[in-house]
Amino acid sequence: MVDTVQAPKSSVSTSSVWQLVKYIFLAFTLMLLLLTCLHFVTLGLGIGTESNAAVDFESNSITLNLGSEPPQLNSTRSTDMVSGQILGHVMEGLIRYGPNNEILPGIATSWDISELTGTFYLREDAYWSNGTPVTAHDFVFAWQTAVDPETKSQYAFILYPLKNAEAIKSEIMAVEELGATALNDYTLQVELEQPTPYFIKLLAFFTYLPINREFYESTEGRYGTNAEDLIYNGPFVISKWQHGSRLRLEKNHTYWNKDETRLDAIDFGYILSDPTATINLFATEKIVMAGLQAENIERALANGWPIKEHVDGSVFYLGFNHREERPTSNRNLRKAIQMVCDQEELVFKVLKTPGNRPGESIFPVWLKGVEGFFRDEYPAPKHERNIELAKQYLNNALNELGLSEPPRLMFLTGDSEFSTKHAEYYQNLLKQNLGIEVRIDQQIFQQRLEKMTSGDYDIVAAGWGPDYDDVLTFGDLFTSWNANNRGLFKNDELDQNVQIAQQSSDPRTRMEAMDRVQHILYEEAAIIVEYERGSSYVADDRVQGVTRRAVGTDPDFTRAYLVKPETE
Amino acid sequence: MTELSFKPTTVDSDIEQTSRPSLSYWQDAFVRLVANKRAIASLVVIVLLLIFAFIAPHVFWTIKHDVQNLDRTSEPPWINRKAMVLPDQDDWQDVHVAAANGEHQAPTALEVVGEPTTSRVRLKWDPVPNAFGYRIYRNIIEPTEDIPLGLSMGVNETGTHVSFEDRLAIRQKPYWYSVVALNEDGTEFEAAKTIYVRPQLAITVSEALELTKAENVQPGDTVSLFWHPLGTDYLGRDMLARLMKGAQVSLTIGIVAPLLFIVLGIIIGSVSGYFGGVVDAGLMRFTDFVIALPFLLFMILFKLLFVPSGDTENWMSKFQEFLGIEGGMLAMVVALVLLSWPGIARLVRGEVLKIREQGYVDASRLLGAPNSWLIGRHMIPNTMGVVLVSFTFAVPATIFTEAFLSFIGMGVVPPTPSWGSMCNDGIRTMEMYPHELLFPALFISITVLAFNLLGDGLRDALDARMRSRE
């Protein structure tokens, strides 16, 4: 029989509409049911209830979010800010910073520092959390370990003011030659390579923290990887460290200054980097502090949360690749790019968060100069966008490079959403004004550092945070010998001026040399300073006494305390 | 019975005649498809989408997708576009006055200088006695006892500096500015003075001239700004233009990648099914191997390979320029093609195994047809039905994969937009500017639904076994 062709009746399609509606309805009902079930299941299992509320008056503790987990807490090898924050709470060096960034005695009660030597007198009531006293030998051991080439410490350079430190790091001398000796258990003598007027300010940095040799060796290489593989001499101890999810600090009862510690516990109950997730935690009173990004500010305002400001001290800039084979090694091309940049536009219309300051100089405004602030005494070079001039510079650059059209440039940047937006802004800026095509290369932090080191970029979005409270923490960044000068910028005059600042003990000579540095950087367009970062955050006002600072432990909860809200 | 009992019959042609014209397989399928209203509606939507993606940007909406306007970021379509014209040079001097006398804690008079606009809001106030500076706050709700003053916009370092210019991302909506006097140590006085400000949209004279093409525009005039029908994104780029460009990306990948992997699947599947034996076993084990490869991992690897980093003049970037597509898209197409063919290959192999046992194939072979003829003439055309159905389902799946990859940042490279990457941008500001998420999400949903419904209709039309059931 022949197949009979039956056209589907039109009623089929009308009924199918009903079918669709029914399916959608069913799907929604099922989803609702499932969500309700899941909600009760999690409640029943107690997931999410393990972490305390943001503020717990009963146990006198607070809960916080940690942006990322510290890779490890061996102070000789730490490099990141999160490790610095935790170490600042659980360890103490020779000195510490007070609430107003003043230098306070830490393990050292007093010290004499002359041009090339220093003697530190240590307190005898400082103990490690396992009961052994903190002695001068612990400092000598930690510093020797940090400069030992086998440790592969990335921050060994911060110990270079110590005599022979650099020679030890480059395997010319043995570690025992380091200019730090324990005269007895409680007297530490330091010899310096050259006069280093800012040496005392370095001592609060985490690479200078002490390590107990006996304990270090007993961990057989695991030192700093777990809560059990560390001993503490600071205001807190790590009582629990669940990798990837939680880090809990409790008050250290063997700490010499334990009366000043008023919280019993700080619970980093979450390790989350997503800003919106962090804000959600704050909104539901799970954590006491959360950073605000541009997209969350209006939400915070609409909720009436108290918003606070913090200048974290870092400077962000566009770094150029100065290697000869790169077009950006041409000064005119760099000047052309410099001339189209308008830092105010970037800060007010792209970043959109308050607190950021349009960048003018690699030296941020808070750095101290001779008497007042460095930037008040030595103003930054004046900059104004000038498209015409930029085009002239570009023409000169093209002639020198022998090109008929502008070169294509690689813009190396981070993988965050902000980085995309920021890079797209420059992509458009350079294309519209100079006809330069920019390709964006987004990489994770480690990969970015690697590409910067190997020179696989033209322009890089970079930032630098201060390690110690002196102009040199920014000033020596672009010297030919600095390993962080990854664009290989080389300028003899700049090198000489940095050497002057390193060796002179006269503040005026030092600051004048640094003033030259900021002008050279601008004139050569070695970098384009974009902005000085300021951040906004929301904080629970039941927690008081929290210190935010640009240099050192930030945020610092060591002196924080709880205030019960007044009941009406 | 005589001879008369018999007479030659006349040929009754009516009996032999079929009531309807005989239909081939494809004609039959077409009739059934046209009768399916849902499928036809979907087809119309798809054609419209293709016009939207490939014709509209050249004909109807020639705005460039990557032109930024930082003065008009994240604008919803329904925003007021009446802008005030400001002079090009519009600098303002800080106001310094002599220190004040009196008892008051907060500035007595706080006023806006000039017209408050989205490019700047200028404040001036009376000095407070004993103040060592002022802090200026901005809020989007009115500060009360329970609601703080809001966002700290800046600090004036002296008590005699009594003016402030705010330029930070001002929008056309109500603001409450507050000024608080500061003590020497930076702590704030108890009382604050608050003022309500509603800034107006503004552009400069030169911008207005360029925009209106008018001969003469005076400061103080009002001009109507260009309308963005779907609003703008976080860098002030036109959403409609970006959606069109995104549609190009999504539809190109959604159609090209399935076409390529289906061709690959047909070749491998038909060879495998037709020859059988060792060839079949070998190819099928290879197929199993490919199925086991993780897609996302390969996507990351291809992205590393195709998105040039550093060396800009290598062969890869030249190849991409030749093709006219960017690295992220190429990586997605390659990853999809290399890893998605096994499904089709297995389907085709199954069909071929069935068909090669049919009588007509034997007959053809007996007549001396070579293998290539048998595969090309008998096997592949007879698998076309299932292949076409798989294709229409592969398209929405691929569009979805593309959107997903771009959403997690593994897809297109900025500034090329894709619906997925636009969703990712929009989701961050979902609460404040919902249009940035809504429109791309809507486009993904409509496209995927249209292709799925068309696929449904095609399956019903092409699948012979379904016919008798209706």
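Quick notes on the rules
- Residues numbered from 1 in each chain as written.
- Chains lettered and ligands numbered in written order.
- Predicted model: local features only at pLDDT ≥ 70, side-chain atom pairs only at ≥ 80, totals over all residues.
- Heavy atoms only, no water.
- Helix = DSSP H or I, 4+ residues; strand = E, 2+ residues; numbered from the N terminus.
- Rg over C-alpha atoms; globule rule 2.2 N^0.38 Å.
- Buried < 20%, exposed > 50% of the residue type's maximum accessible area, 1.4 Å probe, protein only.
- Contact = heavy atoms within 4.5 Å.
- Lys, Arg positive; Asp, Glu negative; His and termini not counted.
- Charge placed at Lys NZ, Arg CZ, Asp CG, Glu CD.
- Buried area = accessible area lost by both parts, 1.4 Å probe.
- Salt bridge = Lys/Arg side-chain N within 4 Å of Asp/Glu carboxyl O.
- Polar contact = N/O pair within 3.5 Å; in protein donor to acceptor, adjacent residues only side chain to side chain.
- Nonpolar A, V, L, I, M, F, W, Y, C, P; charged D, E, K, R; others polar.
- Axes fitted to C-alpha atoms, helices over the stretch in contact; angles between N-to-C directions.
- Parallel < 35°, antiparallel > 145°, perpendicular 65-115°, else oblique.
- Left-handed = near helix turned anticlockwise from the far one by under 90°.
- Pairing = 2+ DSSP bridges.
- pLDDT = per-residue confidence, 0-100.
- Patch = residues over 30% accessible without salt bridge, like charges linked within 9 Å, V, L, I, M, F, W, Y side chains within 5 Å.
- Areas by Shrake-Rupley, 256 points an atom, 1.4 Å probe, with all protein chains shown as cover.
- Core = buried A, V, L, I, M, F, W, Y, C linked by side-chain atoms within 4.5 Å.

J.: Would you mind showing me how to read the overall build of chain B here?
T.: Along its length, chain B carries 14 helices and 10 strands. On C-alpha atoms alone, chain B measures out to a radius of gyration of 35 Å, which is more than a quarter above the 23 Å that the 2.2 N^0.38 rule sets for 470 residues. With the C-alpha coordinates aligned to their principal axes, the bounding extent of chain B is approximately 140 × 60 × 50 Å. For chain B, the proportion of its 470 residues judged to be buried stands at 48%. Taking the intrachain contacts of chain B between residues at least 6 apart in sequence as the baseline, contacts between residues at least 24 apart amount to 75%. The distance from the centre of the 37 positive side-chain charges to the centre of the 49 negative ones in chain B is 11 Å.

J.: So what exactly am I meant to see when it comes to the interface of chain B and chain A here?
T.: It is common to give the size of an interface as the accessible area that goes away when the parts come together. Each partner contributes residues to the interface: chain B has 51 residues there, and chain A has 45 residues. Both faces considered, chain B and chain A share a buried interface measuring about 4,400 Å² in area, 54% of it formed by carbon and sulfur atoms. The interface formed by chain B and chain A includes four salt bridges. Across the salt bridge formed by Glu 424 of chain A and Arg 237 of chain B, the nearest N and O atoms sit 2.9 Å from each other. Across the chain B-chain A interface, the total number found is 10 residue pairs in polar contact (both at pLDDT 80 or more). For the side of chain B that touches chain A, the secondary-structure elements that each account for two or more residues are helix H2 (25–35), helix H3 (37–59), strand E4 (133–139), strand E5 (151–156), helix H8 (315–323) and helix H12 (419–428) of chain B. Residues belonging to the side of chain B that touches chain A are distributed by class as follows: 19 nonpolar, 11 polar and 21 charged.

J.: What am I meant to see in the packing of helix H7 (residues 295–306) of chain B against helix H9 (residues 327–355) of chain B here?
T.: When two helices pack together, their arrangement is given by the angle between their axes and by how far apart the axes lie. Residues and elements named next belong to chain B. At a minimum axis distance of 9 Å, the contact between H7 and H9 shows a crossing angle of 140°. Taken together, the axes of H7 and H9 lie oblique to each other. The element H7 and its partner H9 pack so that their crossing is right-handed. The residues of H9 that touch H7, namely those facing Phe 295, Phe 298, Met 299, Phe 302, Lys 303 and Phe 306, are Gly 327, Leu 330, Ala 331, Met 332, Val 334, Ala 335, Leu 336, Leu 338 and Leu 339. Here the residues of the contact of H7 with H9 sort into 13 nonpolar, one polar and one charged.

J.: For this particular structure, what's the right way to read the sheet that holds strand E6 (residues 163–166) of chain B?
T.: Two modes of strand pairing occur in sheets, parallel and antiparallel, and in both the strands are linked by backbone hydrogen bonds. All names here are of chain B. If you trace the three strands from one edge of the open sheet to the other, you get E2-E3-E6, paired in antiparallel fashion. Both outer strands of the open sheet, strand E2 (110–113) and E6, are each paired with one neighbouring strand and no more. Ignoring which end each strand starts from, the neighbouring axes of this sheet average 25° apart. Note: E2 against strand E3 (residues 121–125), four bridges, orientation antiparallel. Along E3, the bridge assignment pairs Glu 111 with Lys 124.

J.: How do you make sense of the confidence of the model for chain B when you look at a structure like this?
T.: On average, chain B scores 83 in pLDDT, and the residues at 70 or more come to 93%. Note on the complex model: pTM 0.79, ipTM 0.78.

J.: I tried to follow the pairing of strand E6 (residues 117–122) of chain A on my own but got confused; where do I start?
T.: Each regular strand shows side chains that alternate between the opposite faces of the sheet. Residues and elements named next belong to chain A. Pairing of strand E5 (residues 108–113) with E6 involves five bridges; the strand directions are antiparallel. In the strand pairing of E6, Ser 110 is matched with Tyr 121. From the end of E5 to the start of E6, which pair antiparallel, there are three residues. Of the strand pairs in this sheet, E6 and strand E8 (residues 187–191) are connected by five bridges, and their pairing is antiparallel. In the sheet register, Thr 119 faces E8, and the bridge partner there is Gln 189.

J.: Would you mind going over a negative patch on the surface with me for this structure?
T.: On the surface, Glu 371, Asp 376 and Glu 377 of chain A together with Glu 157 of chain B cluster together to form a negatively charged patch. For Glu 371 of chain A, the position within the fold is in the loop between strand E14 (357–358) and helix H11 (374–377). The exposure class of Glu 371 of chain A is exposed, given its relative accessible area of 72%.

J.: Can you help me understand the nonpolar core in this one?
T.: It is characteristic of soluble globular proteins that their nonpolar side chains tend to be buried jointly. Core analysis: the biggest nonpolar cluster contains 113 residues, and Ile 62, Phe 120, Leu 122, Trp 143, Leu 188, Ile 238 and Ile 362 of chain A have the highest contact counts within it. When residues in this core are grouped by element, the largest group, eight residues, is from helix H3 (residues 136–147) of chain A. Those residues in contact with Leu 122 of chain A, other than ones at most four positions away along the chain, are Leu 94, Ile 107, Ala 108, Thr 109, Thr 135, Ala 136, Phe 139, Asp 185, Tyr 186 and Leu 188 of chain A. Trp 305, Val 340 and Cys 341 of chain A together with Leu 151 of chain B belong to the second-largest nonpolar core, a separate cluster that totals 77 residues.

J.: Teacher, can you tell me more about a nonpolar patch on the surface here?
T.: All names here are of chain B. On the surface, Leu 43, Val 44, Val 47, Leu 48, Leu 50, Ile 51, Phe 54, Ile 55, Val 59 and Phe 60 cluster together into a nonpolar patch covering about 860 Å² of accessible area. Along the chain, the position of Ile 55 falls in helix H3. For Ile 55, a relative accessible area of 43% gives the class partly exposed.

J.: How should unusual backbone geometry be read in this particular structure?
T.: What is expected of a backbone is that most residues other than glycine have negative phi and most peptide bonds are trans. All names here are of chain A. Each neighbour pair has its own omega, and for Asp 554 with Pro 555 the value is -10°, a cis peptide bond. You can see Pro 555 is positioned in the loop between strand E19 (543–544) and strand E20 (561–562). Despite not being glycine, Asn 164 shows a phi value in the positive range, around 70°.

J.: How do you make sense of the sheet that holds E6 of chain A when you look at a structure like this?
T.: All names here are of chain A. Strand order across the open sheet formed by four strands is E5-E6-E8-E7, with antiparallel pairing between neighbours. Strand pairing shows two members of the sheet lacking a second neighbour, E5 and strand E7 (180–184), which therefore form its edges. Strand-to-strand twist of the sheet, defined as the mean angle between neighbouring strand axes without regard to direction, takes the value 20°. Against the sheet, H3 makes contact with E6, E7 and E8, and its axis sits at roughly 165° relative to E7, the strand it touches most.

J.: Mind showing me how you'd approach the side chain of Asn 36 of chain B here?
T.: Residue and element names in this part refer to chain B. Relative to the helices and strands, Asn 36 is located in the loop between H2 and H3. Take Asn 36: its relative accessible area is 14%, and that puts it in the buried class. At a separation of 3.2 Å, a polar atom in the side chain of Asn 36 contacts the main-chain amide nitrogen of Arg 38. Those residues in contact with Asn 36, other than ones at most four positions away along the chain, are Gly 457 and Asp 460.

J.: I'm lost on the environment of Thr 473 of chain A in this one. Help?
T.: Residue and element names in this part refer to chain A. Here Thr 473 shows up in helix H15 (residues 472–475). With 80 residues separating them along the chain, Thr 473 and Tyr 393 place their C-alpha atoms 32 Å apart. Among the polar contacts made by the side chain of Thr 473, one reaches the main-chain amide nitrogen of Asp 467 at a distance of 3.0 Å.

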